[in-house]
Amino acid sequence: MKILSIQSAVAYGHVGNSAAVFPLQRIGVEVLPVYTVNFSNHTGYGAWRGPLIAPDDVREVITGIEERGVFGQIDAILSGYQGGEGIGDVIIEAVARVKAANPAALYACDPVMGNAKSGCFVAPAIPVLLREKVVPVADIITPNQFELGFLTDTEPDTLESTLASVDLAHAMGPRTVLVTSVERPDREEGTIEMLAADEHGAWIVQTPHLPMKANGSGDVTAALFTAHYVETGSAKTALERTASSVYDLLKATLESGERELLLVEAQEFYANPQMQFTARQVR
């Protein structure tokens, strides 16, 4: 499997491609990483160094890959946080060109905008760009519950309202929706859930809620789910594998006391998920 991953990169820590690439490689995926920024560390520290990469320069890198004749071999395109408006157009163009070479290729978009606790933390134009231009060309989207609400102009909280919002997201274009950080009032205390839905049904998986904020965990989640979904064609299997791997990664990080994900130390959890969580079909 080959995945073209257009995301940010940091030297210290693990977000964007610096979170997605290694787990994908560890499960046997050939990754073609294209960087949209090259920062010293993620911006959550409040200070960082390094350049934003101009959209035209990102486009040049993608064109160079195309000139090697590999677009026909790419199984999926993956994108995450979009720091500036111009990157969205570059990604949309890349998706069209890859799909022209391989119509079976899937585009997975993690529509990063914010979360329920912090609100939106991207430039004001980005959510609108994602909703109106990027998400409609995606095959897979991986929003959290907050982002799903923004995309669909709804307020999902219960299982029923979340499924209704997922239906609205399907109507925008994506055939597969993974909703992360699902928090419904009637869930078991001390738990958190993820929900995946496609044309075959919808499944929800519940894990213990770990008391931590882990920058980059969403990037790992989107990457692993995309790869497992492309490989198996099963939203349920992809959901269970992803939940298992990401939970064990987060648990190991929490127990270590480190701020940054123990991405390398947790590699066996990607290669051999323990499959300790079973997804329940809800539709």
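Sequence order sets the numbering: in each chain, residues are counted from 1 along the sequence as written. Per-residue local features are limited, in this predicted model, to residues with pLDDT of at least 70; the limit for side-chain atom pairs, both in listing and counting, is 80 or more; totals at the level of whole chains, interfaces and linings are taken over all residues. The basis for every side-chain value is the complete set of non-hydrogen atoms in the structure, without hydrogens or water.

Labelled according to an unreviewed UniProt entry, the chain appears under the name pyridoxal kinase, originating from Microbacterium croceum.

### Topic: the packing of helix α1 (residues 17–26) against helix α7 (residues 217–232)
Filter applied, for reference: Only the stretch in contact is used when fitting a helix axis, every axis being a line fitted to C-alpha atoms; angles between N-to-C directions are given from 0 to 180 degrees. Helix and strand assignments come from DSSP, with helices taken as H or I runs of at least 4 residues and strands as E runs of at least 2, each series counted from the N terminus. Crossing handedness follows the turn of the near helix against the far one: under a right angle anticlockwise gives a left-handed crossing, and clockwise gives a right-handed one. It only takes one pair of heavy atoms within 4.5 Å for two residues to be counted as in contact. Residues are grouped as follows: Ala, Val, Leu, Ile, Met, Phe, Trp, Tyr, Cys and Pro are nonpolar; Asp, Glu, Lys and Arg are charged; every other residue, Gly included, is polar.
Contact pair α1 / α7: the axes reach a minimum separation of 8 Å and the direction vectors enclose 35°. Pair α1 / α7 crosses with right-handed handedness. Note on element contacts: α7 touches α1 through Asp-219, Val-220, Ala-223, Leu-224 and Ala-227, opposite Ala-19, Ala-20, Pro-23 and Leu-24. Looking at side-chain class alone, the contact of α1 with α7 contains eight nonpolar, no polar and one charged residues.

### Looking at the packing of aromatic side chains
For clarity, the threshold we go by: Whether two aromatic rings pair depends on their centres lying within 6.5 Å, for rings of Phe, Tyr and Trp, where Trp uses its six-membered ring; planes under 30 degrees apart make the pair stacked, over 60 edge-to-face, and the rest tilted. Exposure is judged per residue with a 1.4 Å probe applied to protein chains only, and the accessible area is read against the type maximum: over 50% gives exposed, under 20% gives buried, and values in between give partly exposed. Over a ring means this: the NZ of a Lys or the CZ of an Arg is within 6 Å of the ring centre and within 35 degrees of the ring normal.
Going through the model one piece at a time under the given rule, you end up with five aromatic pairs. For the ring pair Phe-39 and Trp-48, a centre distance of 5.9 Å and an interplane angle of 40° mean the geometry is tilted. Given a relative accessible area of 11%, Phe-39 falls into the buried group. For Trp-48, a relative accessible area of 39% puts it in the partly exposed group. An angle of 85° between the planes, with centres 5.2 Å apart, marks the rings of Tyr-247 and Phe-277 as edge-to-face. Here Phe-277 lies in the loop between α9 (267–271) and β11 (280–281) and Tyr-247 lies in helix α8 (residues 235–256), a separation of 30 residues in the sequence. Accessibility assignment for this pair places Tyr-247 and Phe-277 in one class, buried. When the ring centre of Tyr-45 is taken as origin, the NZ or CZ atom of Arg-259, which lies over that ring, is 3.8 Å away.

### Some remarks on the pairing of strand β9 (residues 191–198)
Applicable threshold: At least two bridges found by DSSP between two strands are what make those strands a pair.
Of all eight residues making up β9, eight are buried, and the element is well covered by its neighbours. Alternating positions in β9 separate into two faces, Thr-191, Glu-193, Leu-195 and Ala-197 on one and Ile-192, Met-194, Ala-196 and Asp-198 on the other, with burial throughout. Looking at chain direction, strand β8 (residues 176–182) and β9 are connected through four bridges and run antiparallel. Among the inter-strand pairings, Val-177 is bridged to a residue of β9, identified as Ala-197. Here β9 pairs with strand β10 (residues 201–208) via eight bridges, running antiparallel. By the bridge assignment, Met-194 is partnered in β10 with Val-205. Where β9 folds back on β10, the antiparallel hairpin that results is connected by two residues.

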